[in-house]
Amino acid sequence: MVEVHGMLATVLVHGTGERIRCRPPRDRTTPVVGDRADIDEAGGEPTIVALAARERTLTRPISEHKPLVIATHVDRLLVVSAVDPPPRPGLVDRILCAVGDEPIEVVLIVNKIDMPGVDAAIKRLDAHAGLDYAVVPVSAVRGDGIAALRERIATGLTVVMGHSGVGKSTLLNALVPGAELVTAEVNEKTGKGRHTTTVSTCHVVDGPWPRGGLVVDTPGIRAFPLHGLALTEIAGRFPGFRAATARCRFVDCLHETEPDCGVAEAVAAGTVPRMRQKAWLALLERVRAERSTPTRRPPSPRRPG
Ligand SMILES: Nc1nc2c(ncn2[C@@H]2O[C@H](COP(=O)(O)OP(=O)(O)OP(=O)(O)O)[C@@H](O)[C@H]2O)c(=O)[nH]1
Ligand SMILES: [Zn+2]
């Protein structure tokens, strides 16, 4: 297992399988999981000299001032729910709003299908399945669906998120036996140093990265505040609204009672389910309430480094 701790980052080196503790770049940029880094090992302590431009970055928009970057160059996000505690479609919507337009594949996992109540749990994600999100039932304990899921994450960088208690740790251990044995290979020299990636709480799946995959664990979620997004941004990102919002008369339409709202028209025409409109209005109401009670601090998540 490799982690980013404070100002030191562990860099997973292409080609040698080495992990090197590195000082951050001189411009004091904080490396995050998935960063592509060039390192300089000449003269003492290894130092990151450059980070490649970030893309497919996953953040938690916890505050207006500093979005918490979870990882970058993310290929896939597993949002883990369970039969118990049951899936919370509202939490899934918040996470999808945070993903926004980043081209990151989202997979909705329902864990613990060895327990009673599977159909009811999966049904709670029907609306999202209807939006073409993959809903994948598994049992980390009994093993159902684990081999197929492991295959699915065997390339690229996968981030695992989920509410506390859904069995994320159990699932990771089932997917990646011996998770602490991190190695990496494939030679890729660059001008200044070796082309590398900094990683944190990262596990290797099915062979050395980048031929195999990397899985990044994240702390269990209890709340997923969206303070870092304007209401209009959330309104534009709400899953399933994209096509309809293009026809709203006002660019800052919140799809409530505004005239010529594309979402209202889509609901009337039956192309957006009324349930989704209700889900949106409920989310909007909650987000507004959260904004008017600034004393309720969000739980402080683990710092990425
Ligand atoms: N029945 C059943 N129980 C499971 C399964 N996976 C995990 N559990 C149980 O669910 C509980 C929570 O599992 P964890 O893996 O600790 O959950 P977590 O999501 O990592 O929790 P946080 O650390 O709070 O994020 C434990 O009691 C597990 O034994 C499963 O597939 N079936
Ligand atoms: Zn509208």
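Residues numbered from 1 in each chain as written. Chains lettered and ligands numbered in written order. Predicted model: local features only at pLDDT ≥ 70, side-chain atom pairs only at ≥ 80, totals over all residues. Heavy atoms only, no water.

J.: Sorry, what's going on with the environment of Ala50 here?
T.: Along the chain, the position of Ala50 falls in strand β5 (residues 47-51). Through-space distance from the C-alpha of Ala50 to that of Pro25 is 6.4 Å; in sequence the pair is 25 residues apart. (Helix = DSSP H or I, 4+ residues; strand = E, 2+ residues; numbered from the N terminus.)

J.: Just checking my understanding: could you explain the coordination of the zinc ion (ligand 2) for this structure?
T.: Ideal geometry at a metal centre gives angles of 109.5 degrees when four donors are arranged tetrahedrally and 90 or 180 degrees when six donors are arranged octahedrally. Surrounding the zinc ion (ligand 2) are the protein donor atoms Cys248 (SG), Cys253 (SG), His255 (ND1) and Cys261 (SG), which sit 2.2 to 2.4 Å from the metal. Geometry at the zinc ion (ligand 2) is tetrahedral, judged from the four donor atoms that bind it and their angles of 102 to 116 degrees at the metal. (Donors = N, O, S within 2.8 Å, 3.2 Å for Na, K, Ca; no water. Tetrahedral: all angles 85-135°; square planar, octahedral: opposite > 155°, others 65-115°.)

J.: So what exactly am I meant to see when it comes to the side chain of His73 here?
T.: With respect to the helices and strands, His73 occurs in the loop between β7 (68-71) and β8 (76-82). Relative accessible area serves as the criterion here: at 4%, His73 is assigned to the buried category. One polar contact links the side chain of His73 to the main-chain carbonyl oxygen of Gly34, over a distance of 2.9 Å. Those residues within four positions of His73 in sequence are excluded, and the remaining contacts are Gly34, Asp35, Arg36, Ala53, Arg54, Glu55, Arg56 and Leu157. (Buried < 20%, exposed > 50% of the residue type's maximum accessible area, 1.4 Å probe, protein only. Polar contact = N/O pair within 3.5 Å; in protein donor to acceptor, adjacent residues only side chain to side chain. Contact = heavy atoms within 4.5 Å.)

J.: Just checking my understanding: could you explain the site of ligand 1 for this structure?
T.: Around ligand 1, 16 residues are found, and the nearest of them are Lys112, Asp114, Lys168, Ser169 and Thr170. One of the side-chain N or O atoms of Asn111 is found 3.2 Å from a nitrogen atom in ligand 1. For ligand 1, an oxygen atom lies 2.9 Å from a polar atom in the backbone of Ala140. If ligand 1 stood free it would expose 650 Å²; the protein chains cover 65% of that surface. Split into classes, the residues belonging to the shell around ligand 1 amount to four nonpolar, nine polar and three charged. (Near = heavy atom within 4 Å. Areas by Shrake-Rupley, 256 points an atom, 1.4 Å probe, with all protein chains shown as cover. Nonpolar A, V, L, I, M, F, W, Y, C, P; charged D, E, K, R; others polar.)

J.: Explanation requested: helix α1 (residues 89-99) in the structure shown.
T.: Burial runs high along α1: nine of the eleven residues are buried. The complete set of buried residues in α1 reads Leu91, Val92, Asp93, Arg94, Ile95, Leu96, Cys97, Ala98 and Val99. Remark: Gly100 follows α1 within two positions and exhibits a positive phi of approximately 55 degrees.

J.: Which parts of the structure should I look at to understand the packing of aromatic side chains?
T.: For any pair of aromatic rings, the description rests on two quantities: the centre-to-centre distance and the angle between the ring planes. For the coordinates displayed, the defined rule picks out three aromatic pairs. Taken together, the ring pairs in this structure connect Phe238, Phe241 and Trp280 into an aromatic cluster. (Phe/Tyr/Trp six-rings, centres within 6.5 Å; stacked < 30°, edge-to-face > 60°.)

J.: Hey, could you run me through the pairing of strand β14 (residues 213-217) in this one?
T.: Regular strands place side chains that alternate from one sheet face to the opposite one. For β14, a buried count of five out of five residues is recorded, marking the element as mostly surrounded by other parts of the structure. Covered by surrounding structure in β14 are Gly213, Val215 and Asp217 together with Leu214 and Val216, the residues of both alternating faces. Examined bridge by bridge, strand β11 (residues 156-162) and β14 share five bridges and lie parallel to one another. Bridge assignment links Thr158 to a residue of β14, and that residue is Val215. Alignment of strand β13 (residues 202-205) against β14, held across four bridges, turns out to be antiparallel. By the bridge assignment, Val204 is partnered in β14 with Leu214. (Pairing = 2+ DSSP bridges.)

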